Amino acid sequence: QGRELMVHARWCVAVALLFRGGDASNVVDLTASNFNGLVNASDTLWLLKFYAPWCGHCKRLAPVLEDVAAEVSSKDVKIGKVDCTVHSKLCKEWGVKGYPTVYLAHGSTSWLYDGARTKEGLKQIIKRLQEPPISLLGSIPTAAQLLPAAGDVVVLFGRDTSDSALSGSMRGAARKRQHVQRFYSADDDNALAWLSLVVNNNSADVALPFVAKVEVDQAPDVLHGEALKALDEQRLEDWVKARRFPIFSTVEQGNFPALRSDPRMLVLAVVDSKEASQAALTATLQRIAQSVELQEDFLFGMLDGPQWETYLDEVLHTELTELPRLVILTGSADARGFLLGDVNAEADELSMLAFLRKAAAGELHVELQSFWGMPDRWWHFAKRKLPQLSVFDPLPTYSFAAPLVLVAIGLVLTILFWPMPTINKPHHE
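Residues numbered from 1 in each chain as written. Predicted model: local features only at pLDDT ≥ 70, side-chain atom pairs only at ≥ 80, totals over all residues. Heavy atoms only, no water.

A. Spotlight on the overall build of the chain. Helix and strand content of the chain: 17 helices and 16 strands. By the burial criterion, 40% of the 429 residues in the chain qualify as buried. Counting only contacts in the chain whose residues sit at least 6 apart along the sequence, the fraction spanning at least 24 positions is 67%. Split by element, the accessible area of the chain, about 25000 Å² in all, is 56% carbon and sulfur. (Helix = DSSP H or I, 4+ residues; strand = E, 2+ residues; numbered from the N terminus. Buried < 20%, exposed > 50% of the residue type's maximum accessible area, 1.4 Å probe, protein only. Contact = heavy atoms within 4.5 Å. Areas by Shrake-Rupley, 256 points an atom, 1.4 Å probe, with all protein chains shown as cover.)

This is the structure:
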């Protein structure tokens with residue numbers, strides 16, 4: 001009997017430790033009742049996961065958050081989660097449309113996180129938001145300290161120390177964009193010396209204060225003097241936001257979601273990077289990308305087809321044998337679509353410009369990725385099975401479906417208005 005009691009006691013201790021371990025999570029359960037006090041009214045940086053219990057991606061993110069929370073949680077940093085199936089109103093207030101949605105918040109400022117949902121990625125964004133929004137450059141300009149890595153962009157603020165109001169607006173705009181952009185500043189004449197590094201040692205035409213988008217192998221995009229002073233914090237943030245990306249990007253898994261989140265259309269030279277004969281399409285698009293006019297409507301980039309073969313096949317209905325090809329991705333997350341250029345496209349700059357201008361004017365048919373794009377997907381499928389159907393491509397959109405629709409309408413009308421048979425009832429005398 002004593003041995004049985006000992007075994008029973010050990011089981012009780014094990015169960016107690018198990019449940020105590022389950023309660024030891026460093027990820028805070030946030031609710032509609034405690035959210036304002038813990039998050040909005042605090043001076044703590046929060047990483048927030050809005051989720052649904054049934055969501056597979058949310059389940060995979062859960063242990064990652066636990067690991068991050070175990071390493072970074074303190075009085076300055078907290079990790080929290082909100083169950084949107086229970087607190088739907090709170091999630092709606094935060095604009096949550098899919099699961100999981102990850103935000104960072106510090107007081108009244110919040111940032112939507114669209115980066116890698118890995119332990120390293122989350123720790124990196126937390127560290128970044130704990131730093132000052134603008135890094136002050138030293139007195140000795142060096143290109144290595146200022147120039148970003150290839151495919152990245154930094155913002156340089158040339159500060160006029162006598163204009164504290166503009167400095168405050170720039171600091172506020174930088175704080176709101178800090179999660180996705182890097183900012184540097186220098187004061188007075190030293191700022192012009194830094195700018196001269198990226199304008200071939202000629203900054204004589206630039207007046208303080210100034211703000212410049214800086215990227216490798218491109219002339220900086222500079223706003224300065226009175227034109228800059230006329231901007232308030234919101235318009236300054238808009239100017240910076242519009243210059244988040246390089247003029248021409250190499251599209252990869254890491255930057256693709258961010259590029260697609262931009263409201264502008266994304267123009268891609270889809271090529272096989274190992275085929276030298278296809279490089280001309282990329283080079284031509286790079287020249288076109290220099291147009292400031294087109295930059296208002298488009299982002300530009302190159303997509304290496306073999307690395308995206310599944311995406312090309314399932315979404316863009318394009319095979320590797322059809323490359324190179326110019327593709328335009330359109331729309332927001334709710335209504336994404338695409339425009340397909342000619343297969344095995346020639347690097348004809350005039351034709352490409354005409355294609356882009358028609359797209360910008362809304363004169364081309366957009367193939368939707370949603371349910372409403374089903375007819376286009378059927379047509380692509382039919383052409384793969386019977387390539388001869390391609391001769392009908394020049395016809396107006398959905399011409400192939402018109403006869404089927406008419407037949408369907410005819411059948412419905414026939415069923416509705418077909419005369420019912422007369423049933424003669426027996427006559428009883």
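B. Broad picture of the sheet that holds strand 4 (residues 101-106). The sheet built from five strands is open, its strands ordered 1-3-2-4-5 with mixed pairing. Bordering the open sheet on either side are strand 1 (27-30) and strand 5 (109-112), each of which pairs with just one other strand. For this sheet the average axis-to-axis angle between neighbouring strands, irrespective of direction, equals 30 degrees. Pairing of strand 1 with strand 3 (residues 77-83), which is carried by four bridges, proceeds in the parallel orientation. Within strand 3, the position partnered with Val28 by the bridge is Gly80. Of the strands in this sheet, strand 1, strand 2 (45-51), strand 3 and strand 4 are in contact with helix 3 (residues 56-72), which crosses strand 2 at around 165 degrees. (Pairing = 2+ DSSP bridges. Axes fitted to C-alpha atoms, helices over the stretch in contact; angles between N-to-C directions.)

C. The arrangement of the environment of Asp313 in detail. Locating Asp313 in the fold gives a position in helix 14 (residues 309-314). Assessed through its relative accessible area of 36%, Asp313 is described here as partly exposed. Excluding its chain neighbours within four sequence positions, the residues that come into contact with Asp313 are Thr318 and Arg384.

D. Just unusual backbone geometry, in detail. Here Tyr99 and Pro100 are connected by a cis peptide whose omega angle stands at -10 degrees. As for its placement among the helices and strands, Pro100 is situated in the loop between helix 4 (88-93) and strand 4. With an omega of 5 degrees, the peptide bond running from Leu323 to Pro324 counts as cis. Looking at where Pro324 falls in the secondary structure, it is placed in the loop between helix 14 and strand 14 (325-330). For Asn344, which is not glycine, the phi torsion reads 45 degrees and is therefore positive. Mapped onto the elements, Asn344 comes out in the loop between strand 15 (337-340) and helix 15 (349-360).

E. Just the pattern of salt bridges, in detail. Enumeration over the complete set of coordinates arrives at 16 salt bridges. Within this structure, Glu71, Lys119 and Lys123 form a network of salt bridges that share partners. (Salt bridge = Lys/Arg side-chain N within 4 Å of Asp/Glu carboxyl O.)

F. Here's a closer look at the state of the cysteines. All chains considered together, the criterion is met by one disulfide. Covalent S-S linkage joins Cys84 and Cys91, the inter-sulfur distance amounting to 2.1 Å. Taking the sign of the torsion about the S-S bond as the criterion, the disulfide between Cys84 and Cys91, at about -90 degrees, is left-handed. Summarising the burial analysis for this pair, Cys84 and Cys91 share the class buried. (Disulfide = S-S within 2.5 Å.)

G. The pairing of strand 9 (residues 210-214), seen in detail. A large share of strand 9 lies buried, amounting to five of its five residues. Side chains Phe210, Ala212 and Val214 project from strand 9 onto one buried face, and the interleaved Val211 and Lys213 project onto a second face that is buried too. Relative to strand 9, strand 7 (residues 154-159) runs antiparallel, the two sharing five bridges. Residue pairing across strands places Leu156 opposite Ala212, the latter belonging to strand 9. Relative to strand 10 (residues 221-224), strand 9 runs antiparallel, the two being bridged by four bridges. When the bridges of strand 10 are listed, Ala212 appears paired with Val222.

H. Broad picture of the sheet that holds strand 7. The strand order across the open sheet formed by five strands is 6-8-7-9-10, and the pairing between neighbours is mixed. Lying at the two open borders of the sheet, with one neighbouring strand each, are strand 6 (135-136) and strand 10. In this sheet, strand 8 (residues 182-187) lies alongside strand 7 in parallel orientation, the contact comprising six bridges. For Val154, the partnering residue across the bridge sits in strand 8 and is Arg182. Sitting on the sheet, helix 7 (residues 164-177) is in contact with strand 7, strand 8 and strand 9, with an inclination near 165 degrees to strand 7.

I. Spatial organisation of the packing of aromatic side chains. If you walk through the whole model with that rule in mind, you get nine aromatic pairs. Considering the side-chain rings of Trp94 and Tyr103, the 5.0 Å spacing of their centres and the 75 degrees angle between planes classify their relative orientation as edge-to-face. Under the relative-accessibility criterion, Trp94 is labelled buried at 14%. Among the residues examined, Tyr103 registers a relative accessible area of 12% and is labelled buried. Among the aromatic residues, ring-to-ring pairing joins Phe35, Phe50, Trp94 and Tyr103 into one connected group. Between the NZ or CZ atom of Lys49 and the centre of the ring of Tyr51, over which it lies, the distance is 4.7 Å. (Phe/Tyr/Trp six-rings, centres within 6.5 Å; stacked < 30°, edge-to-face > 60°. Lys NZ or Arg CZ within 6 Å of the ring centre and 35° of its normal.)

J. Representation of the packing of helix 7 against helix 10 (residues 233-241). Running from N to C, helix 7 and helix 10 point in directions that differ by 50 degrees, and their axes come no closer than 9 Å. One finds that helix 7 runs oblique with respect to helix 10. Between helix 7 and helix 10 lies a crossing whose hand is right-handed. Between helix 7, through Leu166, Gly168, Ser169, Met170, Gly172, Ala173, Lys176 and Arg177, and helix 10, the contact on the second element is made entirely by Glu233, Leu236, Glu237, Val240 and Lys241. (Parallel < 35°, antiparallel > 145°, perpendicular 65-115°, else oblique. Left-handed = near helix turned anticlockwise from the far one by under 90°.)

K. Here's a closer look at a nonpolar patch on the surface. There is a patch of nonpolar side chains on the surface, built from Leu406, Ile409, Val412, Leu413, Leu416 and Phe417 and spanning about 640 Å² of accessible area. Mapping Phe417 onto the fold places it in helix 17 (residues 402-417). (Patch = residues over 30% accessible without salt bridge, like charges linked within 9 Å, V, L, I, M, F, W, Y side chains within 5 Å.)

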